[in-house]
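Letter by letter, the chains look like this.
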Amino acid sequence: MAADDYERQLEEWIRQRRKQLRPLPRSDPAQRRAVDGWVRLVPGLVALHLALLLTLRARPGYLALWIWYAGPIVLAILTAGLLVASLRSAHRWKHGVNHWQLLAYAGLIGVVATLPIYDPYPSSYDARPSTVAFRVPIDGPVTVAWGGSTAPVNYHVFLPDQRWAYDLLVTREGRTFRTDGAAVEDYYAYGLPVYAPAAGVVFAARDGEPDVAIGARRWGLAGLGNHVGIEVGPAEYLFIGHLQPGSVAVGVGDRVAAGQPLGRVGNSGNSSEPHVHLHLQDSMDPYFGEGIPFFFHDYRHDGRLVERGMPEGGRRRGEYRGERIVHVGPAD
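Residues numbered from 1 in each chain as written. Predicted model: local features only at pLDDT ≥ 70, side-chain atom pairs only at ≥ 80, totals over all residues. Heavy atoms only, no water.

J.: When you look at the pairing of strand E11 (residues 304-309) in this model, what are you seeing that I'm missing?
T.: Sheet topology note: the strand E10 (residues 296-301)/E11 ladder contains five bridges and is antiparallel. The partner of His301 across the bridge, within E11, is Arg304. Where E10 hands over to E11, the hairpin turn is made up of two residues, of which Asp302 adopts a positive phi near 55 degrees. (Pairing = 2+ DSSP bridges. Helix = DSSP H or I, 4+ residues; strand = E, 2+ residues; numbered from the N terminus.)

Written as structure tokens, this is what we have:
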């Protein structure tokens, strides 16, 4: 076949193919600028997030409890729903990502990134601490495992009722137990007497719950275990928890004096090791109320007498590194 004939046939074939091919559709500029359905809902989500934060910042009391518990959950569910909607829309969307969608994605990322703002709990009592003089409830040197106003030194801060809780135990050379620590009896704090931190009337007294074995599953157990609740002032209710079974020495209605024996350190309830837990709140209902800041009085820290203070806790490299304090009695 001559070269000229081959070229003519090739050109004819190309012309025929071009007739068969349809031109690519051009995107409608209006559609490229369109606001997708899920995008319209993102501003509402961001506005809800800001409204919850501003409301909490205003310290609205019991309203804050409901916002604190339900708000982050609702925000997380709504955010997840909008992300799913955006993925489904992206599957159908044929016009590329526009600036409205980019802004919406930025809004969703912003909501997710700022959810940790809901820690610590903004109690309406932040600036109104208790005026009651509390004593350290254990005699002898004790270590503050957790205590203080910030998360690094007190993991309780995200719980509204336990906003200013303390966990107290005993350490020696950085360790809380002798031998291998497999039994509750190995722990230095176990069995030590626990004294009333302040005078008041007992409104709750629970005994009979067993100590939890070290390392055993404890979720689902009553958090405080064996405990005593003392009304130390108007709408001020002090909880002392994780007491040894059979050791609770007071009953509901008893009037107790500061320093009166209440029980012994145990490991009942939701407790990882023997210690005593204390927190002050404005409600008799455990696990529902606003925490109230409270201070220990007349104790020594690093050889210095502290008339009123909020000792801090903390844990680093597996060891409790909080302040070591000692109650100062009349003879001290």
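J.: Explain the environment of Ala145 here, please?
T.: Looking at where Ala145 falls in the secondary structure, it is placed in strand E1 (residues 142-146). Overall, Ala145 belongs to the buried group, its relative accessible area being 1%. Apart from the residues within four sequence positions on either side, Ala145 is in contact with Val153, Asp167, Leu169, Gly313, Gly314 and Tyr320. (Buried < 20%, exposed > 50% of the residue type's maximum accessible area, 1.4 Å probe, protein only. Contact = heavy atoms within 4.5 Å.)

J.: Help me understand the environment of Gly329 in this model?
T.: For Gly329, the location among the structural elements is in the segment after strand E14 (324-327). Put simply, Gly329 and Gly259 are 70 residues apart on the chain and 9.5 Å apart in space, counted from C-alpha to C-alpha.

J.: What is the right way to look at a nonpolar patch on the surface in this model?
T.: Residues Leu48, Val74 and Leu78 make up a contiguous nonpolar surface patch of about 210 Å² in total accessible area. The residue Leu48 is located in helix H3 (residues 42-57) in this model. In this structure Leu48 comes out as partly exposed when scored by relative accessible area, which is 33%. (Patch = residues over 30% accessible without salt bridge, like charges linked within 9 Å, V, L, I, M, F, W, Y side chains within 5 Å. Areas by Shrake-Rupley, 256 points an atom, 1.4 Å probe, with all protein chains shown as cover. Salt bridge = Lys/Arg side-chain N within 4 Å of Asp/Glu carboxyl O.)

J.: Which parts of the structure should I look at to understand the packing of H3 against helix H5 (residues 99-113)?
T.: Pairs of packed helices are described in terms of their axes, by the angle between the two and the distance that separates them. Relative to each other, H3 and H5 sit at 25 degrees, their axes nearing to 9 Å. Relative to H5, H3 is oriented roughly parallel. For H3 against H5, the interelement crossing comes out left-handed. Of the residues in H5, those in contact with Val42, Leu45, Val46 and His49 of H3 are Ala104, Gly107, Leu108 and Val111. In the contact of H3 with H5, the residues fall into six nonpolar, two polar and no charged. (Axes fitted to C-alpha atoms, helices over the stretch in contact; angles between N-to-C directions. Parallel < 35°, antiparallel > 145°, perpendicular 65-115°, else oblique. Left-handed = near helix turned anticlockwise from the far one by under 90°. Nonpolar A, V, L, I, M, F, W, Y, C, P; charged D, E, K, R; others polar.)

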